[in-house]
Amino acid sequence: MPKTRDIALVGLSSLAGEALLNVLDDHEFDFGHIHLLDTEDLAGSRPMLRGQSQRVEVLERFDFASVAVAVFADAWLASDWADRAAAAGCVVVDACGAFRHRDDVPLVVPEVNPQALAELGPRRIVSCPDAQVVQTLVALQPLIAEAGLQSLTIATYQSMSTLGNEEVEALALQTGRLLNGQPPEKGAFDKQAAFNLIPRVGELDEAGNSQLEQHLAADVRRILGMPQLPVAVTCVLVPTFFGTAQVMQCRTAEALPGGRAATLLRRAAGVKLLDKAAAGGYPTPVSDATGTDQVWVGRLRQDSFDPFGIGMWLVSDNLRKGVALNSLAIAQLLIKDYL
């Protein structure tokens, strides 16, 4: 492994790639030179990075032995190139989920389980969980640290960007057609998405859970190290382009006295509490979370009939917080503590 702080970002034409550049413009990370990489047909462009235009280099000609960490923002490119990059000597951060369900690849949220980076194996790949998992666990971690956890129920309200560019474009097309009095085309969806809600994404298992729901529950258990934790999930697509929201009900192992949950969340890293009785005293994805680094929490309530029950409303910028910040924080920890 070269003694360097240089990193590479791979797949900048994706939504996640754009978010990575935006976050790097807004934050100071302890990186050296940042190489921008994409396939030969997409290389040569000059996006702005830290106030300067920087040429995108050709992925196929790049020497990954020259960088400490390579962050992959595109799942197709990660599938083809991540193992080759790791074999060259750098560590790969999978920001796009291509390897997140492999047993030999650590799954990391820096605010929750940074110690999992010590489990980096010979494959030399670390993966980020889905943005929904990041949002859930960043808000849940301060409560678990004090009171433990018995069970979790989550309903997600996901924008189209949580699935990808194709779904964003399909929603835009449907919306435009409907506003112009034309019938919508389904595009990437089974049913109309514009001005509608879709309560199922993908195929169902025998118990009726979609793949998104299965993965969210499994990844929460894995990151928390609680394989038997009861987790119930319902994932819903909503007709917005960016941002994500959840209603979360958790049951702690110990009762938290009145106001204690709010105090813990207010002090937690990566969390912003907006929970006021006044009009507008709650966060929304568009008005509050978009373009910010926090998981926003509102509508915080203790169950009137269960002293262990807590409910809350969560919103965040899925691409910025759930993908870009999470993966760059992993890269920072790797360079600082493990390489």
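For the structure itself, consult the block above.
Fair warning: this is a prediction, and the values are worked out from it, not measured in the lab.

Draft legend 1. Structural detail: the packing of aromatic side chains. By the definition in use, this model includes 4 aromatic pairs. Between the aromatic rings of F29 and F31, the centroid separation amounts to 5.2 Å while the plane-to-plane angle is 5 degrees, which identifies the pairing as stacked. Look at F29 and you get buried, because its relative accessible area is 13%. F31 sits in the buried class, given a relative accessible area of 6%. Aromatic pair Y157 and W313: ring centres 6.4 Å apart, planes at 40 degrees, arrangement tilted. You can see Y157 sitting in strand β9 (residues 151-158) and its partner W313 sitting in strand β14 (residues 309-316), a full 156 residues away along the chain. The partly exposed category is assigned to Y157, whose relative accessible area is 30%. Pairwise contacts between aromatic rings join F62, F64 and F72 into one cluster. Between the NZ or CZ atom of R84 and the centre of the ring of W81, over which it lies, the distance is 3.9 Å.

Draft legend 2. Summary view of the sheet that holds β14. If you walk across this open sheet you meet the 6 strands as β10-β9-β11-β14-β13-β12, and the pairing is mixed. Every other strand in the sheet has two partners, leaving β10 (231-237) and β12 (271-273) as the edge strands with one partner each. Taken over all neighbouring pairs, the strand axes of this sheet differ in orientation by 20 degrees on average, direction set aside. Across 7 bridges, the pairing between β9 and β10 is parallel.

Draft legend 3. Seen up close, the packing of helix α1 (residues 15-26) against helix α8 (residues 320-338). Orientation of α1 relative to α8, taken along the N-to-C sense of each, is 65 degrees, at an axis distance of 9 Å. Once α1 is placed against α8, the crossing between them reads as right-handed. Residue-level contacts link A16, A19, L20, N22, V23, L24 and D26 of α1 to R320, V323, A324, L325, S327 and L328 of α8.

Draft legend 4. Spatial organisation of helix α5 (residues 211-224). Over its 14 residues, α5 extends 20 Å from the first C-alpha to the last, a length consistent with the 20 Å expected when each residue adds 1.5 Å. Looking at α5, one finds that the buried residues are E213, L216, A217, D219, V220, I223 and L224. Along the long axis of α5, the arc covered by the buried residues comes to 165 degrees, so they all point the same way. Count one or two residues on from α5 and you reach G225, which has phi positive near 70 degrees.

Draft legend 5. Broad picture of the state of the cysteines. All chains considered together, the criterion is met by 0 disulfides. With no disulfide of its own, C96 has C128 as its nearest cysteine by sulfur position, at a separation of 8.8 Å. C235 carries a free sulfur, and the closest cysteine sulfur to it, the one in C250, is 18 Å from it. C235 gets classed as buried once you look at its relative accessible area, which sits at 2%.

Draft legend 6. Fine view of the side chain of D94. Of note, D94 is situated in strand β7 (residues 91-94). No salt bridge is formed by the buried D94, whose closest oppositely charged neighbour, R100, lies at an N-O distance of 5.7 Å. A polar contact of 2.8 Å, which involves the side chain of D94, links it to the side chain of S127.

Rules used in this analysis
Residues numbered from 1 in each chain as written. Predicted model: local features only at pLDDT ≥ 70, side-chain atom pairs only at ≥ 80, totals over all residues. Heavy atoms only, no water. Phe/Tyr/Trp six-rings, centres within 6.5 Å; stacked < 30°, edge-to-face > 60°. Buried < 20%, exposed > 50% of the residue type's maximum accessible area, 1.4 Å probe, protein only. Helix = DSSP H or I, 4+ residues; strand = E, 2+ residues; numbered from the N terminus. Lys NZ or Arg CZ within 6 Å of the ring centre and 35° of its normal. Pairing = 2+ DSSP bridges. Axes fitted to C-alpha atoms, helices over the stretch in contact; angles between N-to-C directions. Left-handed = near helix turned anticlockwise from the far one by under 90°. Contact = heavy atoms within 4.5 Å. Expected span 1.5 Å × (residues − 1). Arc of directions from axis to C-beta. Disulfide = S-S within 2.5 Å. Lys, Arg positive; Asp, Glu negative; His and termini not counted. Salt bridge = Lys/Arg side-chain N within 4 Å of Asp/Glu carboxyl O. Polar contact = N/O pair within 3.5 Å; in protein donor to acceptor, adjacent residues only side chain to side chain.

Interpretation in functional terms is not warranted from these geometric data alone.
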